[in-house]
Amino acid sequence: MIPELGHFALILALCMALVLATVPLLGTYTRTQSWVALARPLAWAQFLFLALAFATLMHAFLVDDFSVLYVANHGNTQLPEIYKISAVWGAHEGSLLLWALILGGWTMAVSLFARNLPDEVLARVLAVMGMVSIGFLSFLLFTSNPFERVFPVPVEGGELNPLLQDPGLAIHPPMLYMGYVGMSVAFAFAIAALLGGRLDAAWARWSRPWTLVAWVFLTIGIVLGSWWAYAELGWGGWWFWDPVENASLMPWLAGTALVHSLAVTEKRGAFKRWTVLLALLGFSLSLLGTFLVRSGVLTSVHAFASDPERGLFILLFLLLVIGGSLLLYAVRAPGISRGGGFATVSRESLLLGNNVLLVLMTALVLIGTLAPLLYDAMGWGKISVGFPWFNSMLVTFMPLMVVLMGIGPLTRWKQQDPNELLRRLRLALALSVAAGIAAAVPLLGDNWSLGLALGLSVWLVSTLLTGLFLRLRGKGGLRALAADLSARGGRSYYGMWVAHLGVAFFILGITVATQFDIEKDQRMSPGQSFELAGYRLQFDGVVEAQGPNYAAQRGTIRVFRDSKQIAVLHPEKRVYQVQRKPMTEAGVDPGFMRDIYVSLGEPLPNGDWSLRLYYKPLVRWIWFGGLLIGAGGLLAASDPRYRLRHRRTASEGDALAAGGRA
């Protein structure tokens, strides 16, 4: 494959996006069915051209075609093949191509699997996604062409950033981008509904599974990123409140609010305006994250580029998307009905409360992320917003949110008798208070956070079990559970159940791993041992080792428990052949209840080494909880009601026609 083929494929993909964004949309207004019908084949064609461009760039990496500037900068003949593949998205131009490919993939998926949508609605959704594609493809072609040639052709490449030469980075960016870009589907459904003048339960039912799947990908992407940082950076931390980490967290928080708000709109027809705003907010925050990563306004191990010209392009695109969507919302919002009413004590009220908390947390993360940039840009001096700000935010809002999460599923829609609700909650309340006190009393002089975390987790689990008991009572036990899973609406309930259980694991994991970990910086000689949390770590020394494209100093640490060897760890200090910056590779003995984590420091006189030794209790519960949250979202998205074909009634047809002429 020649690079020019990839460049030509990008041009054709842009042409398809231009037609997709205009012709089918015009067809919905002129009632020209043949134009409307073009939406599907145009979406497929755009994706095929993007796939061809991506395959061309991947081929250039695999054959070490250093005549392509991007390959010359980030490829190398000594790179293992897996990293040649991940190098395709390891820097700015290639990652942007991956973004465009995934956007094209989402567009094709909607055209392929959304058979339950009326043709006019599908055409509007695909047209909006085509408009988004125009922005990113224009950015690629005019400022970030990955197929640009270089002459003379270098003999060797510049190598992929050593930080990114990790198996986790082969799947973390695609997963994260699937979530980032997937938020464009929720955005497209919202804009399509505003254009068509139709915001009802059917719209929410069409939009919710796509939003759930995008949210699941974003969840898994964040979990993988946290695990990668823990395993690769050698600091023993799992989240650093890095601006780029925050850039992925903000759309996740907004997406979480959106998923719950769509449930209310689908079930009760309420929260319509709020739901649309959340859809616009989620995708806008995804674009903001793109701006932060690629503009050069911040420094981060995750940042891809530092080109202000590129940053200006994305900023203008961000302003166009936000401004245009809010203008459309302002025009259409007065015509959106308020939907069903509800009492103060109702499931709707509790979901609204959680939505407000999630949006408030999103706003605080945004302020904490942008405040240092704003202060610097305005010449007000330098400020740092770090762990104290963000952690105090979590401690303030998370308990209240978890309390509402426990009450919500046990509360009726529209109106709930408070006395009946209290009867349902009394056992869970007693258990959680007892567990919290039992954990906190021994630590009153030290740290009460374990009591709070255990109380909240027990509260969440006990309310989930209470809800499950009430749902299955008198229906036949496990057989009823299997039947309920396959029934309409069943998987949505059990998806919620699994996701909320994941939150309980996450709360305990984050609290115990943060408050009760043990960290020791120790000077050790070969043969010397050190006691750590009941384990004996024996340092056997450091030897030279050769990797495929790096030289390493590899340590050996034997881990003993009760005189029995249970693990051998091999932390490394690596120096890569091209980029000579030393890198740390931690040695980890993983366990469900704890990790033993060791990283090499610096060599000292007489053959000694400085080592950093960690005992991390329950740290795996953080990622296990995150995976459960993602699994719950996936289970909810698979609910049978989302696969029911749409039966257009005469009144719906009239509404769509009216929307098309609006």
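Everything numeric here is computed off the predicted structure, so don't read it as measured data.

How each quantity is defined
Residues numbered from 1 in each chain as written. Predicted model: local features only at pLDDT ≥ 70, side-chain atom pairs only at ≥ 80, totals over all residues. Heavy atoms only, no water. Helix = DSSP H or I, 4+ residues; strand = E, 2+ residues; numbered from the N terminus. Rg over C-alpha atoms; globule rule 2.2 N^0.38 Å. Buried < 20%, exposed > 50% of the residue type's maximum accessible area, 1.4 Å probe, protein only. Contact = heavy atoms within 4.5 Å. Areas by Shrake-Rupley, 256 points an atom, 1.4 Å probe, with all protein chains shown as cover. Pairing = 2+ DSSP bridges. Axes fitted to C-alpha atoms, helices over the stretch in contact; angles between N-to-C directions. Salt bridge = Lys/Arg side-chain N within 4 Å of Asp/Glu carboxyl O. Patch = residues over 30% accessible without salt bridge, like charges linked within 9 Å, V, L, I, M, F, W, Y side chains within 5 Å.

A.B. asks: What is the right way to read the overall build of the protein from this model?
C.D. replies: The secondary structure content of the protein amounts to 20 helices and ten strands. A compact globule built from 662 residues would reach a C-alpha radius of gyration of about 26 Å, and the protein, at 27 Å, matches this within 12%. Seen along its three principal axes, the alpha-carbon backbone of the protein occupies a region of about 85 × 75 × 55 Å. Counting over 662 residues, the protein shows a buried share of 56%. Long-range contacts, defined as pairs at least 24 residues apart, comprise 73% of the intrachain contacts of the protein with a sequence gap of at least 6. Accessible surface computed for the protein: about 27300 Å², of which carbon and sulfur atoms make up 65%.

A.B. asks: Could you clarify how one ought to interpret the sheet that holds strand 8 (residues 587-589) in this entry?
C.D. replies: Sheet strands associate in pairs through backbone hydrogen bonding, adopting either a parallel or an antiparallel arrangement. If you trace the four strands from one edge of the open sheet to the other, you get 1-10-9-8, paired in antiparallel fashion. Where the open sheet ends on each side, the last strands, each with one partner, are strand 1 (518-524) and strand 8. The average angle at which neighbouring strand axes cross in this sheet is 20°, direction not considered. Bridging between strand 8 and strand 9 (residues 594-603) involves three bridges; their strand directions are antiparallel.

A.B. asks: Mind showing me how you'd approach the pattern of salt bridges here?
C.D. replies: Two side chains that carry opposite charge are able to pair once their charged atoms sit near each other. In the structure shown here, the tally under the stated rule is 17 salt bridges. The salt bridge involving arginine 424 is made with glutamate 420; its shortest N-O contact spans 3.1 Å. Pair noted here: arginine 424 and glutamate 420 are both in helix 15 (residues 418-440), with a separation of four residues, about one helical turn. Among the residues examined, arginine 424 registers a relative accessible area of 21% and is labelled partly exposed. Here glutamate 572 makes a salt bridge to arginine 554, at a shortest N to O gap of 2.6 Å. Of this pair, glutamate 572 sits in strand 6 (residues 572-576) while arginine 554 sits in strand 4 (residues 550-561), and the two are 18 residues apart along the sequence.

A.B. asks: Hey, could you run me through the environment of valine 461 in this one?
C.D. replies: For valine 461, the location among the structural elements is in helix 16 (residues 449-472). For valine 461, a relative accessible area of 30% puts it in the partly exposed group. Spatially, the C-alpha atom of valine 461 lies 44 Å from that of arginine 554, the residues being 93 residues apart in sequence.

A.B. asks: Sorry, what's going on with a nonpolar patch on the surface here?
C.D. replies: A contiguous nonpolar patch, built from Leu374, Tyr375, Met378, Trp380 and Ile383 and spanning about 490 Å² of accessible area, is present on the exposed surface. Within the secondary structure, isoleucine 383 sits in the loop between helix 13 (347-377) and helix 14 (387-407).

A.B. asks: Got a minute to help me understand the pairing of strand 10 (residues 609-617) in this structure?
C.D. replies: Successive residues of a regular strand alternate their side chains across the two faces of the sheet. Buried residues dominate strand 10, accounting for seven of its nine residues. Direction of pairing for strand 1 relative to strand 10: antiparallel, over a ladder of seven bridges. Residue pairing across strands places methionine 524 opposite tryptophan 609, the latter belonging to strand 10. Pairing between strand 9 and strand 10: eight bridges, direction antiparallel. Paired with valine 598 across the bridge in strand 10 is leucine 613. Remark: five residues form the turn of the hairpin made by strand 9 and strand 10, two consecutive strands paired antiparallel; asparagine 606 in that turn has positive phi of roughly 70°.

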